[in-house]
Amino acid sequence: ALGTMSGSGSQEPPPSQAAEDGQQEAEQDWAAAKAFYDNLVTKRPRPGSAGGPGPKPQNAITVAVSSRALFDLVEERRIYEEHGVEKYVEYQQNNENVTLKPGPAFYFVKALEHVNARLLELYPDDEERFDIVLMTNNHAQVGVRLINSINHYGLTIERFCMTGGESPIGYLTAYLTNLYLSADSEKVQEAIEAGIASATMFTANKDVAYSDTQLRVAFDGDAVIFSDESEQIVKEQGLDRFFEHEQLNENKPLAQGPLKGFLEDLGRLQKKFYAKNERLNCPIRTYLVTARSAASSGARVLKTLRSWGLEIDEALFLAGAPKGPILVKIRPHIFFDDQMFHIEGAQKLGTIAAHVPYGVAQKYHKS
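This is a predicted model, so every value here is computed, not measured.

Student: Honestly, empty space enclosed by the protein in this entry has me stumped. Any pointers?
Tutor: One simple way to see leftover space: roll a probe sized like a water molecule over the atoms. Counted by the stated rule, this structure contains 1 cavity of 30 Å³ or more. The computed volume of the largest cavity comes to approximately 30 Å³. As for the largest cavity, its lining consists of Gly267, Gln270, Lys271, Tyr274, Gly309, Leu310 and Glu311. For the lining of the largest cavity, a count of residues per class yields 2 nonpolar, 3 polar and 2 charged.

Student: What is the right way to read the sheet that holds strand β9 (residues 334-337) from this model?
Tutor: Within a sheet, neighbouring strands are paired by backbone hydrogen bonds and run either parallel or antiparallel to one another. In space, the 10 strands of this open sheet follow the order β3-β2-β1-β4-β5-β10-β9-β6-β7-β8, with mixed pairing throughout. Here the strands that pair on one side only, and so sit at the sheet edges, are β3 (159-162) and β8 (314-317). Taken pair by pair, the neighbouring strands of this sheet meet at an average axis angle of 25 degrees, ignoring direction. Packing against the sheet, helix α5 (residues 106-122) makes contact with β1 (61-65), β2 (130-136), β4 (179-182), β6 (215-219), β7 (284-290) and β9, and its axis sits at approximately 150 degrees to β2. Those strands touched by helix α13 (residues 340-348) are β5 (198-202), β9 and β10 (353-355), and its axis lies near 165 degrees from that of β10.

Student: Mind showing me how you'd approach the packing of aromatic side chains here?
Tutor: Enumeration over the complete set of coordinates arrives at 9 aromatic pairs. Their ring planes at 65 degrees and their centres at 6.5 Å tell us that Phe108 and Phe262 sit as a pair that is edge-to-face. Pair noted here: Phe108 is in helix α5 and Phe262 is in helix α10 (residues 260-274), with a separation of 154 residues, a long-range link. This pair shows no difference in class: Phe108 is buried, exactly as Phe262 is. Each ring, one from Phe242 and one from Phe243, has its centre 5.5 Å from the other, and the planes form 50 degrees; the classification is tilted. On the basis of relative accessibility, which here comes to 24%, the residue Phe243 falls in the partly exposed class. Within the aromatic cluster, the residues linked to one another by ring pairs are Phe71, Phe106, Tyr107, Tyr153 and Tyr210. In this arrangement the basic side chain of Lys276 is found over the ring face of Tyr123, its NZ or CZ atom lying 4.8 Å from the centre. The cationic tip of Arg279 hangs over the ring face of Tyr274; the distance from NZ or CZ to the ring centre is 3.8 Å.

Student: Where do I start with the pairing of β9 in this structure?
Tutor: It is a general feature of regular strands that their side chains alternate between the two faces of the sheet. Here β9 shows a buried face lined by Ile334 and Phe336 and a second buried face lined by Phe335 and Asp337. Pairing between β6 and β9: 3 bridges, direction parallel. Bridge pairing in β9 places Ala218 opposite Phe335. As judged from the 3 bridges shared by β9 and β10, these two strands associate in the parallel manner. Bridge pairing in β10 links Phe335 to Ala353. In this region the chain leaves β9, passes through α13 and returns to the parallel neighbour β10; the handedness of that crossover is right-handed.

Student: Is there a simple way to think about the pattern of salt bridges in this case?
Tutor: Pairing is possible between side chains of opposite charge, provided their charged atoms come close. Applying the stated rule across the entire model yields 23 salt bridges. A salt bridge links Arg292 to Asp222, with the nearest nitrogen and oxygen atoms 2.9 Å apart. Taken together, the residues span a long stretch of sequence, with Arg292 in the loop between β7 and α11 (294-307) and Asp222 in the loop between β6 and α9 (229-248) at a distance of 70 residues. Here Arg292 matches Asp222 in class, with each residue buried. Several salt bridges converge on common partners, so that one network encompasses Asp126, Glu128, Asp265, Arg268 and Lys272.

Student: I would appreciate a short explanation of the pairing of β1 in the present structure.
Tutor: Within β1, 5 of the 5 residues are buried, which leaves it mostly tucked inside the rest of the structure. Burial along β1 is two-sided: Ile61, Val63 and Val65 and Thr62 and Ala64, pointing in opposite directions, are all buried. Taken together, the 5 bridges between β1 and β2 define a ladder with parallel strand orientation. Across the sheet, residue Ala64 finds its bridge partner in β2, namely Val133.

Parameters at a glance
- Residues numbered from 1 in each chain as written.
- Predicted model: local features only at pLDDT ≥ 70, side-chain atom pairs only at ≥ 80, totals over all residues.
- Heavy atoms only, no water.
- 1 Å grid on protein atoms, 1.4 Å probe; cavity = no way out; pocket = protein on both sides within 12 Å on 5 of 7 lines; lining within 4 Å.
- Points joined across faces, edges and corners; volume = space filled by probe spheres on them.
- Nonpolar A, V, L, I, M, F, W, Y, C, P; charged D, E, K, R; others polar.
- Pairing = 2+ DSSP bridges.
- Helix = DSSP H or I, 4+ residues; strand = E, 2+ residues; numbered from the N terminus.
- Axes fitted to C-alpha atoms, helices over the stretch in contact; angles between N-to-C directions.
- Contact = heavy atoms within 4.5 Å.
- Phe/Tyr/Trp six-rings, centres within 6.5 Å; stacked < 30°, edge-to-face > 60°.
- Buried < 20%, exposed > 50% of the residue type's maximum accessible area, 1.4 Å probe, protein only.
- Lys NZ or Arg CZ within 6 Å of the ring centre and 35° of its normal.
- Right-handed = clockwise from strand over helix to strand, strands pointing away.
- Salt bridge = Lys/Arg side-chain N within 4 Å of Asp/Glu carboxyl O.

Quick look at the structure:
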C-alpha cells in the first residue's frame, strides 16, 4: 500500500538513513500483513482488477479516515501512552482476532458505502463514488487486527496507508483527499493548513440509531461551509454590527470555507440520483444547522449557496438556540462545526460531531 499511491502530490524530501531503514522495515511488515489480507477467504468482490484494487478511480471522492476515528481504540491508546509502543503492538497482535468496536466515523463510512452501492446499481460504469482510505500512523503489525475488523463488518476499504509514525499530510495530498477524519487534532490542524478539508472526530455520549438507507451530513455555516469573515465581525464588533453588515452585504456571496468542496461533492452525487428520478429516494441528505437568525442574517447564506449552484436539503436557522436538540431530530452520521462549545453540546445528546479547526473562533477557545 505504501509506495503505490496514485494521484500526484508534492514529492517529499528524502528522509535520513535511519528513517529510510525504518520505512523499509515498515514496508516489509506491511507487505507481510497485506499478503495475509489477500489470502483471507472473502466472498466479497473487490473493486479493481481480479488481482486486487486498481488505481484510484479518476473521479472518486476520496475520504481518508484514521484508525482511531474508524474504530474504538481508547483502551489501546491508553496502553500505548502508559506502556509504550512495544507493549501496544504486542497487545494488538495478541488480540488480532478480537473485533474492534465501531469508532466515531464508523457509521458515516457505512453510510458512504450504502451510497456507493446505490450508485453502482444506477451507474455501473461510472467511477464517481466514495473511495475510502484507512490512513494510520500505526505500526504495520497492527494492520492485521484492523484488516480483520474491516472484514468482520464487511467494509470495502481497499487502500491502507500505514505511515509508521510519519505525518500523513504528504500522503493525503498525494491521494488528492477530499475529506480527512482523524481523532488527532494536531494532524487535523496540519491538514487544514495544507488546504485539505479535515475534522477531528468525537464520539457521541449516547448510542443512537442511524439511518441505514440515507447518508445524513450536517454542516455549521460560518467557518465550515463559508469563510469566517462574518464570525470575525461578531467576535470583534458584536451582534448588532454583524446583523447590519450582513444586511448591507446580502447580495455579496460569502467567501468559501474549508468544507465547501465536500458539500459540493455531495451535491454532485445527489444530482446523479435526481437524473434517474430518484429525488424522493435519494440516499444523501444535507443539512445546514447554523446559530444565525434567519430574519437578520439568513438571506446572505441562502443567496451564497444559490450563487455557488448548491442546493442544501434543509437549512435550520437557530438564532442562537442550542444545536443539540435539533441534531437529535436529524440524527446525522456526522455534524461539522468550528466551535467546541457546539461540538460538546451535540456530543452530550448523542450526535457524532467533527470539529473543524478553522477561523477566528479557534483564537477564542483553544481547547
